[in-house]
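# Structure assessment
Next come the chains, spelled out residue by residue.
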Amino acid sequence: MKLFQKFLQKLNGLRYSQEYLCFSYESFEHPVRAWLVSNGRVIQDITTLHSFVGYHPLIFAIAADIETAETIDIIFSSHTLQPNDLFSQKDAIATLSLKKINEQPFLEDKIILYEGCRGKHRFVSSFHQSVIGWHNRLYQKKPGNVFLAGNLYKQVQIAYALPRNISLITMGQDNRYNLFPTDLHGPAGEDHYIISLRWQGKACRQVEQTRNILVTQVHSDFYRAVYKLGKNHMQELKGKEHFPFSEAASTHYQLPIPLSALQYRELELQDSFIYGIHKLMLFKIISRQVIFDQSSTLSHIHNVYATWRHNNHLPGNYLLR
């Protein structure tokens, strides 16, 4: 069986062995853009006007003041497009179709949530996509792993064609703490923030109990330590000495700030609801602090898009683990 797995890996057409590739956001050249389209016309560039907040199902949070409908299409393109341009299929290297989530007890005046229905891309050939799909079906159904069946896997690959910031969440109670990474988060208007966590995870329950957290953007040089902290989603609170904290503390809640911090927000939990495997949490922003400006922010993309970049002779400043 391992021989067949290695055979599929040799046939998958991927340039890199790691599924997600880290890098410095500020030095990432020629990224794709995400465009909202309707009836064959480009509506708006929403690259920075949405947040990716769920992968099972795929969930996008889109600014509420953008012209949207019950169902929308988003194209991912390396071309410069303009509102009202006629959309051509050759402009898109990927497309996502989404439908509005109506079961949202909050956020309606801040953001609108959409669930992925279908995705298609040409980051790699149809043959290589089939091989990747076979490998996914045969070898990704592991204990503790969230299996992305069928087209959902393609939707997630497409979502990670845009650089996604990996931040660290700090929480504390009675001098015991947890620290773990998240890339499912983003602003919800000027004064609020949305974070998605697996509702059955210990980290999610800890956030609900403490209600006050710190979300910190960190330097890309910290990438190995950040990935190692992923296991803390299922760990109990521990003493401060178990985590890579600096000596500094946040201004309002006095929570320890992680090493390599660039900027942080202090957040207070306001509301939440479950959708799929996720609990979507709405926070009020209590404070914002910039520690280092214009620095090297940790982000990552999916391997299939990184392979497309390599095949199209685009630079990749990737930090391989």
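Refer to the preceding data block for the structure.
Note that the coordinates shown come from a computational prediction; the quantities given were computed from them, not determined experimentally.

Let us now look at the overall build of the chain. Of the regular secondary structure elements, the chain holds 6 helices and 19 strands. In terms of overall size, the chain behaves like a compact globule, its C-alpha atoms giving a radius of gyration of 20 Å where 321 residues would be expected to give roughly 20 Å. Once the C-alpha set of the chain is aligned to its principal axes, its extents read approximately 55 × 50 × 35 Å. Relative to its 321 residues, the chain shows a buried fraction of 51%. Total accessible area on the chain stands at roughly 15,400 Å², and carbon and sulfur atoms take up 48% of it.

With that settled, consider helix α2 (residues 126-139). For α2, spanning 14 residues, the distance from its first C-alpha to its last is 20 Å, which sits close to the expected 20 Å at 1.5 Å a residue. All of the buried residues along α2 are Gln129, Val131, Ile132, Gly133, His135, Asn136 and Tyr139. Packing partners of the buried residues in α2 comprise α1 (2-11), β8 (111-121), α3 (151-159) and α6 (303-311).

Across 7 bridges, the pairing between strand β13 (residues 192-198) and strand β18 (residues 278-290) is antiparallel. For Arg198, the partnering residue across the bridge sits in β18 and is His278. Direction of pairing for strand β17 (residues 261-275) relative to β18: antiparallel, over a ladder of 12 bridges. Across the sheet, residue Asp271 finds its bridge partner in β18, namely Leu282. Here β17 hands over to β18 after 2 residues, with Gly276 in that stretch at a positive phi of 65 degrees.

Attention now goes to the packing of α1 against α2. A pair of packed helices is captured by two measures, namely the crossing angle of their axes and the spacing between those axes. Two elements in contact, α1 and α2, have axes separated by 9 Å at closest approach and are oriented at 150 degrees. As judged from the angle between their axes, α1 and α2 are roughly antiparallel. Considering only the axes of α1 and α2, their crossing is left-handed. For the pair α1 and α2, contact is made by Phe4, Gln5, Leu8, Gln9 and Leu11 and by Phe127, His128, Val131, Trp134, His135, Leu138 and Tyr139, respectively.

On the surface, a nonpolar cluster with roughly 590 Å² of combined accessible area is contributed by Phe4, Phe7, Leu11, Phe127, Trp134 and Leu138. By the secondary structure assignment, Leu138 is in helix α2.

What follows deals with the pattern of salt bridges. Counted under the stated rule, the structure contains 4 salt bridges. The partner of Glu208 in a salt bridge is Lys279, with the nearest N and O atoms 2.7 Å apart. Taken together, the residues span a long stretch of sequence, with Glu208 in helix α4 (residues 202-210) and Lys279 in strand β18 at a distance of 71 residues. Classification of Glu208 by relative accessible area gives partly exposed; the value is 26%.

Pairing between sheet strands relies on hydrogen bonds along the backbone, with the strands arranged either parallel or antiparallel. Spatially, the 3 strands line up as an open sheet ordered β1-β19-β9, and their pairing is antiparallel. For this open sheet the edge positions go to β1 (20-24) and β9 (164-165), each flanked by a neighbour on one side alone. The pairing of β1 with strand β19 (residues 298-302) spans 5 bridges and is classified as antiparallel. Following the sheet pairing, Phe23 is matched in β19 by Ser299. This element, α6, spans β1 and β19 of the sheet and lies at about 85 degrees to β19.

The next point concerns the nonpolar core. One finds Leu58, Phe60, Ile74, Phe76, Phe123 and Tyr305 to be the most contacted residues of the largest nonpolar core, which totals 46 residues. When residues of this core are assigned to their parent elements, the largest contribution, 5 residues, is made by α3. Ignoring sequence-local partners within four residues, the contact set of Ile74 consists of Ala34, Trp35, Leu36, Ile46, Phe60, Ile62, Ala94, Thr95, Leu96 and Leu98. In terms of nonpolar packing, the next biggest core, distinct from the first, is built from 18 residues, Leu168, Val218, Val226 and Ile257 among them.

For the rest of this paragraph, the subject is the packing of aromatic side chains. Overall, the coordinates contain 11 aromatic pairs when judged by the stated rule. Here Phe23 and Phe28 contribute two aromatic rings whose centre-to-centre distance is 4.3 Å and whose plane-to-plane angle is 20 degrees, an arrangement assigned as stacked. Here Phe23 and Phe28 have matching classes, each one buried. On the numbers, 6.0 Å between centres and 15 degrees between planes, the contact of Tyr305 with Trp308 is stacked. Separated by 3 residues within a single helix, Tyr305 and Trp308 lie in helix α6, roughly one turn from each other. With a relative accessible area of 0%, Tyr305 lands in the buried category. A relative accessible area of 9% means that Trp308 is categorised as buried.

Thresholds, definitions, all that
Residues numbered from 1 in each chain as written. Predicted model: local features only at pLDDT ≥ 70, side-chain atom pairs only at ≥ 80, totals over all residues. Heavy atoms only, no water. Helix = DSSP H or I, 4+ residues; strand = E, 2+ residues; numbered from the N terminus. Rg over C-alpha atoms; globule rule 2.2 N^0.38 Å. Buried < 20%, exposed > 50% of the residue type's maximum accessible area, 1.4 Å probe, protein only. Areas by Shrake-Rupley, 256 points an atom, 1.4 Å probe, with all protein chains shown as cover. Expected span 1.5 Å × (residues − 1). Contact = heavy atoms within 4.5 Å. Pairing = 2+ DSSP bridges. Axes fitted to C-alpha atoms, helices over the stretch in contact; angles between N-to-C directions. Parallel < 35°, antiparallel > 145°, perpendicular 65-115°, else oblique. Left-handed = near helix turned anticlockwise from the far one by under 90°. Patch = residues over 30% accessible without salt bridge, like charges linked within 9 Å, V, L, I, M, F, W, Y side chains within 5 Å. Salt bridge = Lys/Arg side-chain N within 4 Å of Asp/Glu carboxyl O. Core = buried A, V, L, I, M, F, W, Y, C linked by side-chain atoms within 4.5 Å. Phe/Tyr/Trp six-rings, centres within 6.5 Å; stacked < 30°, edge-to-face > 60°.

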